[in-house]
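Each chain is listed here by its residues.
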Amino acid sequence: MAERVRPEQVAANYWLLATDPDEYSFSDLERDTETVWDGVTEYSSLKSLRDVEPGEEAFIFHTGTELAIVGIARFTSDTYPAPRGSSAEEVAVDLVPVRRLERPVLLTEIEDLPEMQDFDLVNDPDLAVVPVTPEIWNRILELSQAALAYSTQEDQE
């Protein structure tokens, strides 16, 4: 029998998950080695969360006073009804840590870059789940490996 073709799924997607580090930080995820990612209630973020697939990766973005991308995590399950959800629309997904970034990438750095102006994190930093294009994913990884003084647009030659 011929293998099924799914043209809508050309490659793995990348994501960004926002969390208040006072509630649950990347360090907590590293300590726990896995977690149920739930508590997402905003419509656009829930819609994005329903699109994640096992094996895809996400940046972990600390909100609050830090406002920085600090690590990478991997989804290990499909979405399922949120066990602590207050409505039937809420979903959860299982997540494991992959690695901490070489250095945090600050939101202010991202906002200063012209190629990031269409990134949903820049346009609506209150979203909890944000799709990330491969180009933006790779650029953020580059920024995390660069010294802070050389990571902003005005400091590059």
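### Observations concerning the layout of surface pockets
- Each pocket or cavity is described by its volume, and for the largest pocket that value is around 370 Å³.
- What lines the largest pocket is a set of 17 residues, among which Ala 18, Thr 19, Glu 23, Trp 37 and Asp 38 lie closest to the centre.
- Secondary structure elements with two or more residues in the lining of the largest pocket: strand S1 (14–19) and strand S2 (35–37).
- At three residues, S2 tops the list of elements feeding residues into the lining of the largest pocket.
- Partitioning the lining of the largest pocket into residue classes produces eight nonpolar, four polar and five charged.

### What about the pairing of strand S6 (residues 91–106)?
- Note: S2 against S6, three bridges, orientation antiparallel. Directly across from Trp 37, in S6, lies its bridge partner Val 93.
- As judged from the seven bridges shared by strand S4 (residues 68–75) and S6, these two strands associate in the antiparallel manner. Pairing of Arg 74 across the sheet is with Val 96, part of S6.
- Alignment of strand S5 (residues 80–81) against S6, held across two bridges, turns out to be antiparallel. Looking across to S6, one finds that Pro 81 is bridged to Val 91.

### Quick look at the pairing of S1
- Counting buried residues in S1 gives five out of six residues, a clear majority hidden from the surface.
- In this structure, S1 lies alongside strand S3 (residues 57–62), joined through six bridges in parallel fashion. Residue pairing across strands places Thr 19 opposite His 62, the latter belonging to S3.
- Bridge analysis of S1 against strand S7 (residues 129–132) gives four bridges, and the strand direction is antiparallel. Following the sheet pairing, Leu 17 is matched in S7 by Val 129.

Reading the values: the criteria
- Residues numbered from 1 in each chain as written.
- Predicted model: local features only at pLDDT ≥ 70, side-chain atom pairs only at ≥ 80, totals over all residues.
- Heavy atoms only, no water.
- 1 Å grid on protein atoms, 1.4 Å probe; cavity = no way out; pocket = protein on both sides within 12 Å on 5 of 7 lines; lining within 4 Å.
- Points joined across faces, edges and corners; volume = space filled by probe spheres on them.
- Helix = DSSP H or I, 4+ residues; strand = E, 2+ residues; numbered from the N terminus.
- Nonpolar A, V, L, I, M, F, W, Y, C, P; charged D, E, K, R; others polar.
- Pairing = 2+ DSSP bridges.
- Buried < 20%, exposed > 50% of the residue type's maximum accessible area, 1.4 Å probe, protein only.

Shape is all these values report; function is a separate question.
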